[in-house]
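Here is what each chain is made of, one letter per residue.
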Amino acid sequence: MKDKEYMMKWMRAAGIRAVKTVAQTAIATIGASAVLSAVDWPMVLSASVLAGVLSLLTSVAGLPEVE
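The model shown is predicted, which means the values in this text are computed figures rather than measured ones. (Residues numbered from 1 in each chain as written. Predicted model: local features only at pLDDT ≥ 70, side-chain atom pairs only at ≥ 80, totals over all residues. Heavy atoms only, no water.)

Caption draft 1: Representation of the environment of Met 7 within the structure. Along the polypeptide, Met 7 turns up in helix H1 (residues 2-31). Look at Met 7 and you get partly exposed, because its relative accessible area is 43%. Through-space distance from the C-alpha of Met 7 to that of Val 66 is 9.2 Å; in sequence the pair is 59 residues apart. (Helix = DSSP H or I, 4+ residues; strand = E, 2+ residues; numbered from the N terminus. Buried < 20%, exposed > 50% of the residue type's maximum accessible area, 1.4 Å probe, protein only.)

Below is the structure:
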């Protein structure tokens, strides 16, 4: 039962971190364009998803808020 509780805490913490990372990456990528009409949306989406995946993979190493 304790393992299930730990896993739920880990998934919540890792998910929150991943969502924040995706948002930060999207904002940074959009901000790199001079005007909104020049935003390369497929690149924004691709970079943001990749950042989210990398965040989840990094969380496998451990999350201090769950320990």
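Caption draft 2: Summary view of H1. Between its first and last C-alpha atoms H1 spans 43 Å; for 30 residues at 1.5 Å apiece the expected length is 44 Å, and the two agree. Taken residue by residue, H1 has Trp 10, Ala 13, Ala 14, Ala 18, Thr 25, Ala 26 and Thr 29 as its buried positions. On its buried face, H1 is in contact with helix H2 (41-59). (Expected span 1.5 Å × (residues − 1). Contact = heavy atoms within 4.5 Å.)

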